[in-house]
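# Structural characterization, general
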Amino acid sequence: MASKSDIGSGTTRPVVTRFAPSPTGFLHIGNARTGLFSWLYARHFGGKALLRIEDTDKQRSTQEAIDVILDGLDWLGLEFDGEPVFQSQRADRHAEVAYKLLEAGRAYKCFSTPEELTEMREQQRANKQPLRYDGRWRDRDPSEAPEGTPFTVRIKTETTGEIVIEDAVQGRVAVKNEEIDDFILLRADGTPTYMLAVVVDDVDMGCTHIIRGDDHLNNAFRQLQVIRAMRGIEDGWEDPVYAHVPLIHGNDGAKLSKRHGALGVDAYRDELGILPETLFNYLLRLGWGHGDKEEFTREEAIALFDIRDVNKGPSRFDMKKLLNMNGHYIREADDARLAGIAAPMIGPDVDIDLLTKAMPVLKTRARDMIELATGAAFLFKQRPLEMSENAASLLNDEARKHLSQISARLRAVSDWTTEALEANLKTYAEELGLGLGKLAQPLRAALTGQTTSPGIFDVLALLGREESLARIDAQASG
Ligand code: GLU
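Reading the values: the criteria
- Residues numbered from 1 in each chain as written.
- Predicted model: local features only at pLDDT ≥ 70, side-chain atom pairs only at ≥ 80, totals over all residues.
- Heavy atoms only, no water.
- Helix = DSSP H or I, 4+ residues; strand = E, 2+ residues; numbered from the N terminus.
- Rg over C-alpha atoms; globule rule 2.2 N^0.38 Å.
- Buried < 20%, exposed > 50% of the residue type's maximum accessible area, 1.4 Å probe, protein only.
- Contact = heavy atoms within 4.5 Å.
- Areas by Shrake-Rupley, 256 points an atom, 1.4 Å probe, with all protein chains shown as cover.
- Near = heavy atom within 4 Å.
- Polar contact = N/O pair within 3.5 Å; in protein donor to acceptor, adjacent residues only side chain to side chain.
- pLDDT = per-residue confidence, 0-100.
- Pairing = 2+ DSSP bridges.
- Right-handed = clockwise from strand over helix to strand, strands pointing away.
- Axes fitted to C-alpha atoms, helices over the stretch in contact; angles between N-to-C directions.
- Parallel < 35°, antiparallel > 145°, perpendicular 65-115°, else oblique.
- Left-handed = near helix turned anticlockwise from the far one by under 90°.
- Phe/Tyr/Trp six-rings, centres within 6.5 Å; stacked < 30°, edge-to-face > 60°.
- Lys NZ or Arg CZ within 6 Å of the ring centre and 35° of its normal.

## Some points on the overall build of the protein chain
Per the secondary structure count, the protein chain includes 18 helices and 12 strands. Compactness check: the protein chain gives a C-alpha radius of gyration of 31 Å against a globular reference of 23 Å for 478 residues, more than 25% above the reference. By principal-axis analysis of the C-alpha atoms, the protein chain measures approximately 105 × 50 × 40 Å. Taking all 478 residues of the protein chain together, the buried fraction comes to 48%. Nonlocal contacts in the protein chain, meaning residues at least 24 apart in sequence, comprise 75% of its contacts between residues at least 6 apart. Element-wise, carbon and sulfur atoms account for 48% of the exposed surface of the protein chain, whose accessible area totals about 22,800 Å².

## Some words on the site of the ligand
The environment of the ligand is made up of R18, A20, P21, S22, E54, Y194, V198, R212 and H216. Interatomic distance of 2.7 Å between a backbone N/O atom of A20 and a nitrogen atom of the ligand. The contact in question runs from a nitrogen atom of the ligand to an N or O atom on the side chain of S22, over 2.9 Å. Here the ligand loses 85% of its free accessible area of 300 Å² to cover by the protein chains.

## Focus: the environment of T34
Position of T34 among the secondary structure elements: in helix α1 (residues 29-44). In this structure T34 comes out as buried when scored by relative accessible area, which is 7%.

## Re the confidence of the model for the protein chain
In this model, the protein chain carries a mean pLDDT of 94, and residues with pLDDT of at least 70 account for 98%. Within the model, the stretch residues 1-6 combines pLDDT values under 50 with 13 contacts to residues more than four positions away or in other chains.

## Here's the deal with the pairing of strand β2 (residues 48-53)
In terms of burial, β2 is largely enclosed, as 5 of its 6 residues are buried. Where strand β1 (residues 16-19) meets β2, 4 bridges bridge the pair, whose relative direction is parallel. In the strand pairing of β2, V16 is matched with K48. For the crossover that starts at β1, traverses α1 and ends in the parallel β2, the hand is right-handed. Here β2 runs beside strand β3 (residues 85-86); their pairing, made up of 2 bridges, is parallel. Residue pairing for β3: I53 is matched across the bridge by F86. Between β2 and its parallel partner β3, the chain crosses via helix α2 (residues 63-76), and the hand of that crossover is right-handed.

## Here we look at the side chain of T448
Residue placement: T448 occurs in helix α17 (residues 436-448). At 2.8 Å, the side chain of T448 forms a polar contact with the backbone oxygen of R444. For T448, the side chain forms a polar contact with the main-chain nitrogen of Q450, separated by 3.0 Å. With sequence-adjacent residues up to four places away left out, T448 is seen in contact with F378, K381, L385, S453 and V459.

## Concerning the packing of helix α3 (residues 91-103) against helix α6 (residues 217-231)
Look at α3 against α6: their axes get within 10 Å of each other, and the N-to-C directions meet at 60°. In terms of orientation, α3 lies oblique with respect to α6. With respect to the hand of their crossing, α3 and α6 are arranged in left-handed fashion. Two secondary-structure elements touch here, α3 through V97, K100 and L101 and α6 through V226, A229 and M230.

## A closer look at the packing of aromatic side chains
Using the criterion set out here, one finds 10 aromatic pairs in the structure. Taking the centre distance of 5.0 Å and the plane angle of 65° together, the rings of F111 and W137 count as edge-to-face. A residue pair is termed long-range when its members are at least 10 positions apart, and F111 in the loop between β4 (107-110) and α4 (114-126) and W137 in the loop between α4 and β5 (152-155) qualify at 26 residues. When the ring of W288 is compared with that of F305, the centres are 5.5 Å apart and the planes differ by 50°; the resulting orientation is tilted. Of this pair, W288 sits in the loop between α8 (276-285) and α9 (298-304) while F305 sits in the loop between α9 and β12 (315-316); the two residues are 17 residues apart in sequence, bridging distant segments of the chain. The pair formed by W288 and F305 is uniform in burial state, with each residue classed as buried. Looking at R269, its charged tip hangs above the ring of W75, at a distance of 5.9 Å from the centre. Sitting over the ring of F296, K293 keeps its end group 5.2 Å from the ring centre.

What follows is the structure, encoded as structure tokens:
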């Protein structure tokens, strides 16, 4: 299959990507998409797709928050290679790198107090200068600081020239080195900053490609400074290929908010009833495509995906399209599998065989699994059926009389199939000179307790003779 990816991965090393979510309590849809892209890219090149949990914020990074991410990825079918790396467990290595830079003169101790730095920024603000650390300890001798003064470790960044990234999505992006200040690598309490931790982990994990949200593009210029400073000190510090993927916007073009669908992957599954293959395909096509092709199997996605084909502009999230696509995937899905997904949504007393048998009828109309489960609930209701208000209002005296007639006629039907039942009731409606709807409506109310359901003859066939007649008789009057 010809694709742009035939031009290669942009590196001579075997491809290693990583997905590095922070456990914030949910796997945001936008993050899931970058996770998907990282995973696909590695699979395309037969490389490794690694997972790193950025759990340095101890307050938010609970086991529960981590499980939400792992569970979401698993549900989407993105299995990563090896065990996940936990960033919090690598603080010693992060500090080691900072000290190596310090020893090599590529970083320095900064003894500025927080008050001093605040004052510096206030002055910069007053003078309308950019707010940047001014390098006041860059060339000073540490012995000038009083014994025991706490210090941070700052990188000594390049001051002239520019730093260029040939981003696989954004194209060529350059920043003048003078715009990048000597940022902190180690805080005064000895803990690593995010900027240091990310880059040390990426290098130690052997990542060749950094695929992530374009909100991290600015960080890349800083992270490259660390990589290049370490290059002379340790082996393996090569520039990765960066691919900064644009964020997802709402369908009105505004930043994606909850209202637009900025939810966790678990909410798509549990609250919106989306199938994993729908979300996989939808996220894949959000900013990436292959001609007019609408649907991709996992294998096709792996074969065709290239990060370079991802659009530079933000993509728009369209909930309606997602739901339509979901309806399509529901109709394609295996009946027993759908029954397995729907059963817990319906309740405890679900006959899984009956639900599977009903699936061809149920799935033709549902756009999501919640709708499907709600539509299936009538099958498992206990008698006497609870009636919705609308259903109850259909069951007037006249309707109840019809029901008792129907009951008598149906008792005579020996072949309890959709076709035979349909033929029988049609004849009856004709005899009465009534439209079929006139009979079907109260019948539906009696059989399902609702005013909407699958076709009434399918309902009869699925419920079976005994249950159907019992439900009809419960509402009929003699
Ligand atoms: N943990 C970061 C986030 O969730 C990602 C960092 C990265 O990909 O470099 O936004």
